[in-house]
Protein chains: 2
Amino acid sequence: VIAYGVVRESGRARVGALVDGRVLDLAAALEDEVFGGPSLNPFMARGPGFWRETHARVKELDAPVMAPDDVEPLMPFEVADYVDFFSSLHHATNMGRMFRPDAEPLLPNWRHLPVAYHGRSGTVVPSGTPVRRPCGQRPGPEYGPSLRLDIELEAGFVVGVPSALGEPVPLERALDHVFGMVLVNDWSARDIQAWEYQPLGPFLGKSFATSVSPWVVPLTELDGRRASTAPQEPEPLPYLREQPWAYDIALEVELNGTVIARTNARHLYWSIAQQVAHLTVNGASLRTGDLLATGTISGPSPESRGSLIELSWNGQEPIELPGGDTRTFLEDGDEVVLRGDGIGEVRGRIEPARLGATR
Amino acid sequence: VIAYGVVRESGRARVGALVDGRVLDLAAALEDEVFGGPSLNPFMARGPGFWRETHARVKELDAPVMAPDDVEPLMPFEVADYVDFFSSLHHATNMGRMFRPDAEPLLPNWRHLPVAYHGRSGTVVPSGTPVRRPCGQRPGPEYGPSLRLDIELEAGFVVGVPSALGEPVPLERALDHVFGMVLVNDWSARDIQAWEYQPLGPFLGKSFATSVSPWVVPLTELDGRRASTAPQEPEPLPYLREQPWAYDIALEVELNGTVIARTNARHLYWSIAQQVAHLTVNGASLRTGDLLATGTISGPSPESRGSLIELSWNGQEPIELPGGDTRTFLEDGDEVVLRGDGIGEVRGRIEPARLGATR
């Protein structure tokens, strides 16, 4: 697998390629200004033809190699807008069962459109950035540190080629706009979220941090991993209609060194092509650097759930760790690593809340 | 009133000041690089000391004047994150009465925190940009142009000074981060919004366009217009507690040349200082260019409502225009102008939907 990122060596940030575990200095090797800066955005904006050409050259490259231990992976791209979808059927169903136990778990719109909301672009951080436990209003209301701090295992797609305002991107051209994929941990404070989210959706329960993996895997590297999925029922409206598919990528959640969940991106109901077509159907434009995350990826089995709230069934069934330790939600000092087969990893450790922030 | 914006004259974009209706070329007059580019962001990032110093110099300036007719006002700043609040008590109450007629109009959280969600930064456009009627999924679901296209009269506050991730901005220092105010028309497709918004909030019903006025009025120019407002009941948590206040700014909505609503920013329940303190209480950082809009500003009387859905009471009471014309929601060709006393105006005209976008 070849992937692209931004690395700092000797104090200078530039674009690098990860090839079979070696980091190549693309800025030095390819002598193109799009590789010389501290983000992938100029490269991503150039479009599929240039991406393919670069990819072919990287495969043959006898480029300066930076020792992986000597380079620091940085935030790989400047985030334009961050959109978080809700595209896993099992995740949406689990959340419905927990919070609306007497009703149909899926809301009426769920099978008709990829539900989504905008997240905070300015707090998307690279893997390894410590995550401070957020304070805020918990149900009551009362002020204090979140007591239900959670993870969300997601894939994120990064837009390369922008689109024009007022012009929807048709589904069959959607992938021409998408550069590649990262892993996303959409950290969530469930207690803050529960109190604030009606009627306009999640805000502070999500906006304190969202972590992404440092190496963006271009879609060309994932072509061979497309898998057919079950027909969508009911059939979506024409602008969302395609042969159902998803990427077959094994995923896992590790908490303090123990794998606590194993799942797969093929459990997603809505594809990235459908997400792009939906996001732009109203004429909204895409920008280079837009991040489209899938929402928590959960599979059908209890051990394939991508969040602690699902794994612990709303805190009622603690997750068992080695040595008799258990978790419902995250404790200070906990480290979470999300991994994708061939996609890399995204990690983050919880720091204690900053006390005394209130007056 | 002195306000700041970006103008293009002879093909070159740079920062200008609007002083008593004349446009001054700040890039030429002040010879500072922060005025030479196509956005206010570098100027705004410099902070309150530099803002005050510049303001004092502009008042005394014998600067090159550009004829207002010769300059084209552009988007005044690069939007980092766009957050839309829901801070008008009367607006929130009206929406509750219309959509939950048998329940308490305000949801339980409303008086405890300034409810908000993230909007789409990439589709914030300057005054005068045509607004194409969006297509999408209407209730049914069925695909088609929005049939309930609406406006929202809002004020927007623009962040100048960033804050650090993980460090809440206390209420008493909140205004040091805010550069100034614009008017915002948060165009809304009510039918698309109604179908999509559960459980994660508005998405495509809002993301097709948000218009802002071209001249940013610095807060220093508004100091004299602060007015005390009624005590907040119940008293908010300590991190949101202050002497209640709002800006006393008369606002109006004009539709095709007829003023259809008159209201005032003093009807807002939550202040911009409270909004900044709340937005950052979880450690979320501010960036230069963040846009914090108030949400629709409605007053207590029927004619002081800031959206068509309120003015027409969900389409049941058409708004009467001269010549026997009526409106519930916007028709193609309609032009809307929002004005604020001393704040300027933001305008936009509705273009027909692009048909054939679906397959």
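Just above sits the structure.
The structure presented is a predicted model; accordingly, all values stated were derived computationally and were not measured.

## Regarding the overall build of chain A
Within chain A, the regular secondary structure consists of 7 helices and 26 strands. Its C-alpha atoms give chain A a radius of gyration of 20 Å, within 12% of the compact-globule value 21 Å for 359 residues. Taking the principal axes of its C-alpha atoms as reference, chain A extends roughly 60 × 50 × 40 Å. Across the 359 residues that make up chain A, the buried fraction comes to 62%. A separation of at least 24 residues holds for 72% of the contacts in chain A among residues at least 6 apart in sequence. Of the roughly 13,000 Å² of accessible surface on chain A, a fraction of 48% belongs to carbon and sulfur atoms. Positive and negative side-chain charges in chain A, numbering 32 and 48 respectively, have mean positions lying 3 Å apart.

## As for the interface of chain B and chain A
Tallying the contact residues gives 62 residues for chain B and 62 residues for chain A. Around 6,000 Å² of area is buried between chain B and chain A when both sides are counted, 60% of it from carbon and sulfur atoms. The tally of links between chain B and chain A comes to 4 salt bridges. Measuring nitrogen to oxygen at the nearest pair gives 2.8 Å for the salt bridge that ties Asp-290 of chain B to Arg-120 of chain A. Applying the counting rule to chain B against chain A returns 26 residue pairs in polar contact (both at pLDDT 80 or more). Mapped by element, the contributors of at least two residues to the side of chain B that touches chain A are β7 (116–118), β10 (135–138), β11 (142–145), α5 (190–196) and α6 (272–280) of chain B. A breakdown of the residues in the side of chain B that touches chain A according to their chemical character gives 33 nonpolar, 17 polar and 12 charged.

## Describing the sheet that holds strand β26 (residues 344–351) of chain A
Residues and elements named next belong to chain A. Strand order in this open sheet of 5 strands is β9-β26-β25-β20-β21, and the pairing throughout is mixed. Only two strands of the sheet have a single partner each, and these edge strands are β9 (131–132) and β21 (258–264). Of the pairings in the sheet, the one linking β9 to β26 comprises 2 bridges and is parallel in character. Of the residues in β26, the one forming a bridge with Val-131 is Ile-350.

## So, the relation of the copies chain B and chain A
Expressed as a screw transformation, the operator carrying chain B onto chain A has a rotation angle of 180° and an axial translation of 0.0 Å, and the superposed copies differ by an RMSD of 0.0 Å. Taken together, the rotation and translation describe the operation of a two-fold axis. When C-alpha positions in chain B are compared against the rotation axis, the closest is assigned to Gly-201 of chain B, at 2.1 Å. A shared interface surface links the copies, since 100% of the contact residues of chain B are contact residues in chain A too.

## A few points about the pairing of strand β13 (residues 153–159) of chain B
A regular strand places its side chains so that they alternate between the two faces of the sheet. All names here are of chain B. Within β13, 7 of the 7 residues are buried, leaving the element largely enclosed by the surrounding structure. Two strands pair when backbone bridges link them, and β13 and strand β14 (residues 178–185) are joined in this way by 7 bridges, in the antiparallel orientation. By the bridge assignment for β14, Val-159 is matched with Val-178. Sheet analysis places β13 next to strand β22 (residues 291–293), joined by 3 bridges and oriented antiparallel. What sits directly across from Val-158, in β22, is Leu-291.

## Section: the environment of Leu-219 of chain B
Residue and element names in this part refer to chain B. Its place among the elements puts Leu-219 in the loop between β17 (217–218) and β18 (226–228). Each C-alpha atom, one on Leu-219 and one on Trp-195, is 38 Å from the other, the two residues being 24 residues apart in sequence. Excluding anything up to four places from it in sequence, Leu-219 contacts Phe-157, Leu-175, Val-178, Phe-179, Gly-180 and Tyr-247.

## Focus: helix α3 (residues 48–60) of chain B
All names here are of chain B. Relative to the 18 Å expected for 13 residues at 1.5 Å per residue, α3 spans 19 Å between its end C-alpha atoms, a close match to the ideal helical length. Inspection of α3 places Phe-50, Trp-51, Thr-54, His-55 and Val-58 among the buried residues, and these make up the whole buried set. Looking straight down α3, one finds its buried side chains confined to an arc of 135°; they lie on one side. Seen from the open side of α3, the exposed residues pointing more than 90 degrees away from its buried face are Arg-52, Lys-59 and Glu-60.

Basis of the calculations
- Residues numbered from 1 in each chain as written.
- Chains lettered and ligands numbered in written order.
- Predicted model: local features only at pLDDT ≥ 70, side-chain atom pairs only at ≥ 80, totals over all residues.
- Heavy atoms only, no water.
- Helix = DSSP H or I, 4+ residues; strand = E, 2+ residues; numbered from the N terminus.
- Rg over C-alpha atoms; globule rule 2.2 N^0.38 Å.
- Buried < 20%, exposed > 50% of the residue type's maximum accessible area, 1.4 Å probe, protein only.
- Contact = heavy atoms within 4.5 Å.
- Areas by Shrake-Rupley, 256 points an atom, 1.4 Å probe, with all protein chains shown as cover.
- Lys, Arg positive; Asp, Glu negative; His and termini not counted.
- Charge placed at Lys NZ, Arg CZ, Asp CG, Glu CD.
- Buried area = accessible area lost by both parts, 1.4 Å probe.
- Salt bridge = Lys/Arg side-chain N within 4 Å of Asp/Glu carboxyl O.
- Polar contact = N/O pair within 3.5 Å; in protein donor to acceptor, adjacent residues only side chain to side chain.
- Nonpolar A, V, L, I, M, F, W, Y, C, P; charged D, E, K, R; others polar.
- Pairing = 2+ DSSP bridges.
- Least-squares fit on C-alpha atoms with pLDDT ≥ 70 in both.
- Expected span 1.5 Å × (residues − 1).
- Arc of directions from axis to C-beta.

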